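Geometric and topological summary
Below are the chains, spelled out letter by letter.
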Amino acid sequence: MNRNFDLLLTAIAPAIWGSTYLVTTQLLPAGYPLTVAMLRALPAGLLLLLIVRRLPHGVWWLKSLVLGALNFSVFWWLLFISAYRLPGGVAATVGAVQPLIVIVLARLLLGSPIRGLSIIAAIAGIGGVALLILTPNATLDPIGIAAGIAGAFSMAAGTVLSRRWRPDVSPLTFTAWQLTAGGVLLLPVALLLEPPLPHLTGANVLGFAYLGLIGAALTYILWFRGLSRLEPSMVSPLGFLSPTTAVILGWAVLGQQLSPMQMFGIVVVLGSVWLSQRAQQAPARQTPSPLGEKVARRVG
C-alpha cells in the first residue's frame, strides 16, 4: 500500500509537467527559452531555501551543483536545442529513451538488476509516445537528435544520482538545493544569449508563477521524494505521463483533435507504465525474507 501511494504521489509530477507546453505557449512571451528555464528554477529554489533555512555543507555544495546541472541546467538547455531543431513529436520520442538509459545507469551505479520486463515496458513506452505525437512527415536533424539523446542521458544521470546521493535532509531541502543550483548555472547563460524580457503582462506573471511554484517547486519535491523511496527504474517510466497529459490538455483546452492512433498511443503509454511497475514489484513479492532478498540480489 505504501509503495502504491508513493508511486501515485510521484506520478503527479510528470502529469503536471505535461502542462508546461500549454502554459508556455498560452501565457509566456515567445523566444526566451533559457530565460524561462532560469525563472522557472531560480526563484522557486530561493523561495524553498527561505522556507527550509538550510544550506548545503561540505561535499554537498559540489553535489548540488552537479545534480542541479544534470536535472535542470544541462537537461533544459539540450531539451530546447532538440525542440528547436526537431518537430515536437520527434523531440519527445527521442527524449523518451530516458527510462532505458536509467535502467543501464541504475545497474552501473546502484547495482540494480536489469529485468527483461522493464526493457519491454520502456520500449513500449517509446512506441506509445511516438503514436501520440509523431507525424509521418517529421524530419530528422542529426544535431537535434544528438541533443535529445544527450538531454535524456543528463536527466537519467540526475535521476540515478539523486537516488545514489541521498543527503540526510528532507525532499524539500534537497529540491531547494538543486533548483537553486540549476537556476544559478542558467542565469549567466540566459543573460549572455538572450535579450531582456519585454514588459510582462498579468498573464505572463501568472504563467511564470505557475511554472515556478507548481511546475518546479511542488513537482520536484514530489519527484525527489519518490526517488528517495523507490528505485529509479520505477520512477523514470512515470515520465511517459508527461506527453500523455500534454496531448489530453491540447484536446480538452485547445480543442485539438485526438485521432484513433493517438488514443491507442495513450493506452500503450499507460500500459507500459503499469508493466514497468509490475516488473519491479514482482520480485519483491517472491522474496520470503531479507536473507532471501540478499541471495536473489547476488544471483541477479
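What you see is a predicted model, and the numbers here were worked out from it, not measured in a lab.

Topic: the overall build of the protein chain
Each helix and strand in the protein chain was counted, giving 14 helices and 0 strands. Walking the protein chain from its N terminus toward its C terminus, one meets helices and strands in the order α-α-α-α-α-α-α-α-α-α-α-α-α-α. In the protein chain, which comprises 300 residues, the share counted as buried stands at 48%. Contacts in the protein chain between residues at least 24 apart in sequence constitute 89% of all its contacts with a sequence separation of at least 6. Total accessible area computed for the protein chain in this model is approximately 14,600 Å², and 70% of it derives from carbon and sulfur atoms.

Section: unusual backbone geometry
The phi dihedral of R53 falls on the positive side, at around 50°, and the residue is not glycine. Along the chain, the position of R53 falls in the loop between α3 (33–52) and α4 (60–85). Given the relative accessible area of 73%, R53 is considered exposed.

As for the packing of helix α1 (residues 2–17) against helix α12 (residues 241–253)
Axis angle and axis distance: for two packed helices, these are the angle between their axes and the distance between the axes, and together they describe the pair. Two elements in contact, α1 and α12, have axes separated by 6 Å at closest approach and are oriented at 45°. Taken as axis vectors, α1 and α12 run oblique relative to one another. In terms of crossing hand, the pair formed by α1 and α12 is right-handed. Residues A11, P14, A15 and W17 of α1 touch α12, and the partners they reach there are L241, S242 and T245. Among the residues forming the contact of α1 with α12, the class breakdown is 5 nonpolar, 2 polar and no charged.

Brief notes about the pattern of salt bridges
Under the defined criterion, the tally for this structure stands at 2 salt bridges. Put simply, D6 and R225 hold a salt bridge, and the shortest N to O gap is 3.0 Å. Note that D6 is positioned in helix α1 and R225 in helix α10 (residues 202–229), a separation of 219 residues in sequence. Per residue, the accessibility class of D6 equals that of R225, and both read buried. Across the pair E231 and R163 runs a salt bridge whose closest N-O atoms are separated by 3.5 Å. Taken together, the residues span a long stretch of sequence, with E231 in the loop between α10 and α11 (232–235) and R163 in helix α8 (residues 142–164) at a distance of 68 residues. Its relative accessible area of 13% is what places R163 among the buried residues.

Some remarks on the nonpolar core
Membership of the largest hydrophobic core comes to 56 residues, with the highest contact counts inside it found for W76, Y220 and W223. Sorting elements by how many residues they give to this core places α3 first, with 9 residues. In this view, W223 contacts T10, A13, P14, W17, M155, T159, V235, S236 and L238; residues no more than four positions away in its chain are not counted. With 6 residues, the next largest nonpolar core counts V23, L28, V36 and F208 among its residues.

Reading the values: the criteria
Residues numbered from 1 in each chain as written. Predicted model: local features only at pLDDT ≥ 70, side-chain atom pairs only at ≥ 80, totals over all residues. Heavy atoms only, no water. Helix = DSSP H or I, 4+ residues; strand = E, 2+ residues; numbered from the N terminus. Buried < 20%, exposed > 50% of the residue type's maximum accessible area, 1.4 Å probe, protein only. Contact = heavy atoms within 4.5 Å. Areas by Shrake-Rupley, 256 points an atom, 1.4 Å probe, with all protein chains shown as cover. Axes fitted to C-alpha atoms, helices over the stretch in contact; angles between N-to-C directions. Parallel < 35°, antiparallel > 145°, perpendicular 65-115°, else oblique. Left-handed = near helix turned anticlockwise from the far one by under 90°. Nonpolar A, V, L, I, M, F, W, Y, C, P; charged D, E, K, R; others polar. Salt bridge = Lys/Arg side-chain N within 4 Å of Asp/Glu carboxyl O. Core = buried A, V, L, I, M, F, W, Y, C linked by side-chain atoms within 4.5 Å.

These results come straight from atomic positions and should not be treated as a statement about function.
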